[in-house]
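Summary of structural features
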Amino acid sequence: QVQLVESGGGLVTAGGSLRLSCAVSGTGSTFSTHAIGWFRQAPGKELLLIARVYGGGKIFYDDSVKGRFTISRDNAKNTVYLQMNSLKPQDTAVYYCHIPFGNAWGQGTQVTVSS
């Protein structure tokens, strides 16, 4: 029932920016109470939680992205965003959004940062 649709990935040069979007359906009127997380998986690496926004507004960032990435949510649009600035080649990965409610994942979107 719960579905997540991602968009916004692409190819950028080092120092550039991208904004990822995650549109959520199936939560009814309770969307604002749910945590949403962004994960990434680089080639040969395991999934890494890089950012999460909780229903109460608390935010978590992994140290690898702190100061460069910003997670936000628009509860009126049932959408969560990940603004990625000052991108580095090591940010190259497939990015996924996830909601613990229903354990639903987005399809993944490729982000590639060239030198």
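Before going into details, it helps to say that this report is about the structure given with it. Keep in mind that this is a model prediction, so the values were computed, not measured.

Next up on the list: the pairing of strand β4 (residues 36–41). A regular strand places its side chains on the two faces of the sheet in alternate fashion. Counting buried positions over the six residues of β4 gives five, a clear majority of the element. Relative to strand β5 (residues 48–53), β4 runs antiparallel, the two being bridged by five bridges. Of the residues in β5, the one forming a bridge with W38 is A51. Hairpin connection of β4 to β5: six residues between the antiparallel strands, including G44 at a positive phi of 75 degrees. Note: β4 against strand β9 (residues 93–99), five bridges, orientation antiparallel. Paired with F39 across the two strands is Y96, which belongs to β9.

Further remarks concern the pairing of β9. Extensive coverage of β9 is indicated by the burial of five of its seven residues. Note: β9 against strand β11 (residues 109–114), three bridges, orientation antiparallel. Paired with V94 across the two strands is Q110, which belongs to β11. Bridging between β9 and strand β10 (residues 104–105) involves two bridges; their strand directions are antiparallel. The partner of H98 across the bridge, within β10, is W105. Linkage of β9 to β10, two consecutive antiparallel strands, is achieved through a turn of four residues, within which G102 is found at a positive phi near 80 degrees.

What follows deals with the pattern of salt bridges. In total, this model carries three salt bridges according to the counting rule given. Measuring nitrogen to oxygen at the nearest pair gives 2.9 Å for the salt bridge that ties D91 to R40. Within this pair, whereas D91 is found in the loop between β8 (79–84) and β9, its partner R40 is found in strand β4, the two being separated by 51 residues in sequence. The exposure classification of D91 matches that of R40, with both residues buried. Between R68 and D91 there is a salt bridge, with its nearest N and O atoms 2.7 Å apart.

Criteria and thresholds
Residues numbered from 1 in each chain as written. Predicted model: local features only at pLDDT ≥ 70, side-chain atom pairs only at ≥ 80, totals over all residues. Heavy atoms only, no water. Buried < 20%, exposed > 50% of the residue type's maximum accessible area, 1.4 Å probe, protein only. Helix = DSSP H or I, 4+ residues; strand = E, 2+ residues; numbered from the N terminus. Pairing = 2+ DSSP bridges. Salt bridge = Lys/Arg side-chain N within 4 Å of Asp/Glu carboxyl O.

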